[in-house]
Amino acid sequence: MGGLVDWLLAALVLGAAAWTLAAPTGFAAVVGFVGFGLLVTLAWVRLGAVDVALTEAAIGAGATGVILLMAVVRLRGGAEEVSAATPGRAVMVAAGLLAGGVGLALALAVLALPDPAPGLAAAAMARRGELGLGNPVAAVLMGYRGLDTLLESVVLVFAVLAVWSMAPDRRWGGIPGPRFPRQEAGPLALLARLLLPIGLVIGIHVAWVGAEAPGGKFQGGTILAAMWVLAWVAGLVQPPAIASQAVRLALVAGPLAFLLAGFAGMALGEGFLAWPPGLAKPMILLVEAAMTLSVAAALALLVAGPPERAA
Amino acid sequence: MSGTTPGGWLLVLALALPVGGMLLAFALGGRTAERIALGVLGLGTVLAGMIAAEVYAAGAPLAYRLGGWAPPLGLRLQADGLAAAMLLTAALVLLAVALFGRAAQATPPGVQEARAPFTFWTFLLALAASLAAAFLGGDLFNLFVALEMLTFAALSLACLDGRPSQFRSELRYLFFALIGSVLYLLGTALLYGAHGTLDIALLAERAGADLPTLLAAALMTAGLLAKMALFPLHLWLPPAHAGAPPAASALLSGLVVKAAFVLLLRLWIWVLPPVPAGAGAPLLAGLGAAAILVGSLIALRQERLKLLVAYSTVAQIGYLFLMLPLVLAGDPEAAARAWLGGILQAASHAFAKAAMFLSAGLVAGALGHDRVAELGGAGRAMPMAVIAFGLAGLSLMGIPPSGGFTAKWLLLTAALGTGQWWWAAVILGGGLLTGGYVYRVLAGSLTAPPAAAPRPEPPAQGPERVALALALVSVALGLVPLASFGLVQIGRPILGGAP
């Protein structure tokens, strides 16, 4: 039975990918992409990787889908430039053959991997208690491979600034994105009022349980960002001006807190990015809270885009 | 190998300082961002010098075990001779570009924060952090994060002018860089699946010539080649580098492509066993040879100065790949020469190319155009910039005394020593072609200006001096006695011996 479900899922993933590539319009392709992301989410669940599944759903399908959708909306009216930039049939066939070849080689290599796979899962599981964490994925992200997480959170700041820096000079310091009219009635207004409080609670919960169960700052932050985007699109809130000190502090709070905690480890613990014994759990939670805020701010501002009007 | 060595804390500072500086510069903005950048890059140069001195004095790599977790579970930072040399090169070039940028990107007191200066200073620090992460990382996934940081920083610096035409070339760069990242990431996943670790030192012990390892190496190599713009994946580089503002072009051509090269060396010299690496190396060197010849020939025919300099980068990157078959040939003496030659080529090209782009930018700014055929009068109006261009050109051609000469001579003798004379022929031919395009620019600049031409505005002295200083460093590298370059050999795996 399980085998049949897996075969079906694999076929659907490939089908969704093919459909996304063949989609006639940008909008249809984004819909296909989001569907593809959700199917891949299911595949991760089948593989028992619930943390990865949550991330795929929140960031792979959700946040990326919204950003792609915004791009499709912005590309409207630029049909000529889009078709000029679209590669020709020969290039597409060549790219397809190349991708197919790489896929085939990957499949052969994956079949040649040692079984059982050598890995660090047992070690990651065994030592998570030293950090006071129940979820081994959280132990990897905040403990064993903390530098990866620190640098990834810094990349988010890079990304926001990169988007901002594409604005025209005269818009610097202004407000990002279009202005949406306030929705008083209709499905969007209802959704924004009903879903918002629930979504905020869920977002904070997902971030909070990350220490013990699947979840964490990236997934929770994404849900919080999605709620803000919903309120923005419904006209309930306006994006803040990019010159605002509060926005900038919210963006750097997470990585800066992580960096400071890293130095605290140098002073009190075994070294840079070590969690001082006894203080590990509370410090990790503090850093994770700051990271959740920064992830949410960064993703929301990435969706909003470069500044477009004066503050 | 996995413990922390004395002086290991320097590595933490070398990475954390630009990261923290970038975050603070971003939060505080305006004039403060500029001050933080200049301070951090100055301190970074001191730190890089201390790291190089420590590695040299100890005769062994520095290492720092992060968070107290030993690899494979944890991560480590490490600085061997290669990392120390590249870190110092990057620190010096970054500081020089920062000083160069003070004229154009200053925020005078009382003036509101503006887009270009804020982006410039913040991403200068971002680039410093990315390069430190790429040189000091000891884990293939951690290096992937460094590559991602590098892509964003380089892209944003290249778009500093905010011109839509530039966005188009940079978008193409982004596609190449992202496809490169995907291929690299696929490779790391395969390596983890096959060997249960991504730590470079541990992989060096575990990796064999099995299918997953070889496919992973092929994918990662292809990805890194796309990021380095090795022929025939070079198409994105000339418009992306030539269209950027001069300070950004200097960093992109001088440093950013070198970070991918360091990763390539980690993969080919450390991770891969010598037998498959030795078999694949002539292929990469062949592409490098093609890059030298094709890049130089196209550079010869360019009508715009900045495009000429960008095609010269395509060619000069090719030289880096010639070291691979020579290092892997199995002759320890030739391997040491080729290794030093390759790293010296990376460093001297970083200084020379930064000097070239900065002086080309000054010339273009003063003349109001960068048409190679109409450079007349440039030599009289801004002698320092033209001299800087010429000195940098000497190093690229490989004329003694210059860092480029020593690098190419070492590669040449290693090629002859291992009986691979064809690479020597490519090095000589490339030098002649380089001489051709540098001569075109110099000869044009030294002629009298056409009578009707408007008098060029002489540029500010400060930026001209920076360009000249960079060119002088690239030449001075050739005057350093070879024995003092023992630094770069520290920590290099010796074929057939323990790493």
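- Labelled according to an unreviewed UniProt entry, chain B appears under the name NADH-quinone oxidoreductase subunit J, originating from Roseicella aquatilis.
- Comment text from UniProt for chain B, heading Sequence similarities (unreviewed entry), reads "Belongs to the CPA3 antiporters (TC 2.A.63) subunit D family."

**Considering the overall build of chain B**
Right, so step 1: The helix and strand tally for chain B stands at 18 helices and two strands.
Right, so step 2: Since a compact globule built from 499 residues should have a radius of gyration of about 23 Å, the 22 Å found for chain B is in line with a globular shape.

**Re the UniProt feature "domain: NADH:quinone oxidoreductase/Mrp antiporter transmembrane" (unreviewed entry) in chain B**
Right, so step 1: Under the present numbering, the feature "domain: NADH:quinone oxidoreductase/Mrp antiporter transmembrane" (unreviewed entry) in UniProt falls on residues 138–433 of chain B.
Right, so step 2: Each end of residues 138–433 of chain B is marked by a C-alpha atom, and these two atoms are 38 Å apart; helix forms 81% of the span and strand 0%.

**Considerations on unusual backbone geometry**
Residue and element names in this part refer to chain B.
Right, so step 1: The residue after Pro71, namely Pro72, is reached through a cis peptide bond having omega 15 degrees.
Right, so step 2: As for its placement among the helices and strands, Pro72 is situated in the loop between strand S1 (62–65) and strand S2 (76–79).
Right, so step 3: In this structure, the amide linkage connecting Phe231 to the following residue, Pro232, adopts the cis form with an omega of 5 degrees.
Right, so step 4: Relative to the assigned elements, Pro232 resides in the loop between helix H8 (211–228) and helix H9 (237–242).

**Side note on helix H3 (residues 81–101) of chain B**
Right, so step 1: Here H3(B) contains 21 residues, and its C-alpha end-to-end distance of 30 Å stays within 8% of the 30 Å for a straight helix at 1.5 Å per residue.
Right, so step 2: Among the 21 residues that make up H3(B), 20 are buried, leaving the element largely enclosed by the rest of the structure.

**A word on the domain arrangement of chain A**
All names here are of chain A.
Right, so step 1: When cut into domains, chain A gives domain 1 (1–86) and domain 2 (121–311).
Right, so step 2: Using C-alpha coordinates to define each centre, domain 1 is positioned 23 Å away from domain 2.
Right, so step 3: Facing 11 residues of domain 1, the contacting portion of domain 2 comprises 14 residues.
Right, so step 4: Grouping the amino acids of the side of domain 1 that touches domain 2 by side-chain chemistry returns eight nonpolar, two polar and one charged.

**Describing the interface of chain B and chain A**
Right, so step 1: The interface is formed by 47 residues belonging to chain B together with 50 residues belonging to chain A.
Right, so step 2: Breaking the side of chain B that touches chain A down by element, the ones donating at least two residues are helix H1 (9–28), helix H4 (115–136), helix H5 (140–158), helix H6 (164–195) and H8 of chain B.
Right, so step 3: Partitioned by chemical class, the residues of the side of chain B that touches chain A number 28 nonpolar, 14 polar and five charged.

**Things to note about the packing of helix H13 (residues 332–367) of chain B against helix H15 (residues 383–397) of chain B**
All names here are of chain B.
Right, so step 1: Remark: H13 packs on H15, axes separated minimally by 8 Å, with the N-to-C direction vectors making an angle of 150 degrees. Between H13 and H15, the angle is such that the two are roughly antiparallel. Between H13 and H15 lies a crossing whose hand is left-handed. On the side of H13, the interface is formed by Ser348, Ala352, Ala355, Met356, Ser359, Ala360, Leu362 and Val363, while H15 contributes Ala385, Ala388, Phe389, Ala392, Ser395 and Leu396.
Right, so step 2: A per-class count over the contact of H13 with H15 returns 11 nonpolar, three polar and no charged.

Criteria and thresholds
- Residues numbered from 1 in each chain as written.
- Chains lettered and ligands numbered in written order.
- Predicted model: local features only at pLDDT ≥ 70, side-chain atom pairs only at ≥ 80, totals over all residues.
- UniProt positions renumbered as here; feature names shortened; annotations may be inferred.
- Helix = DSSP H or I, 4+ residues; strand = E, 2+ residues; numbered from the N terminus.
- Rg over C-alpha atoms; globule rule 2.2 N^0.38 Å.
- Expected span 1.5 Å × (residues − 1).
- Buried ≥ 20, exposed ≤ 12 C-beta atoms within 10 Å, placed from the backbone.
- Domains from an automatic or database assignment.
- Contact = placed C-beta atoms within 7 Å.
- Nonpolar A, V, L, I, M, F, W, Y, C, P; charged D, E, K, R; others polar.
- Axes fitted to C-alpha atoms, helices over the stretch in contact; angles between N-to-C directions.
- Parallel < 35°, antiparallel > 145°, perpendicular 65-115°, else oblique.
- Left-handed = near helix turned anticlockwise from the far one by under 90°.

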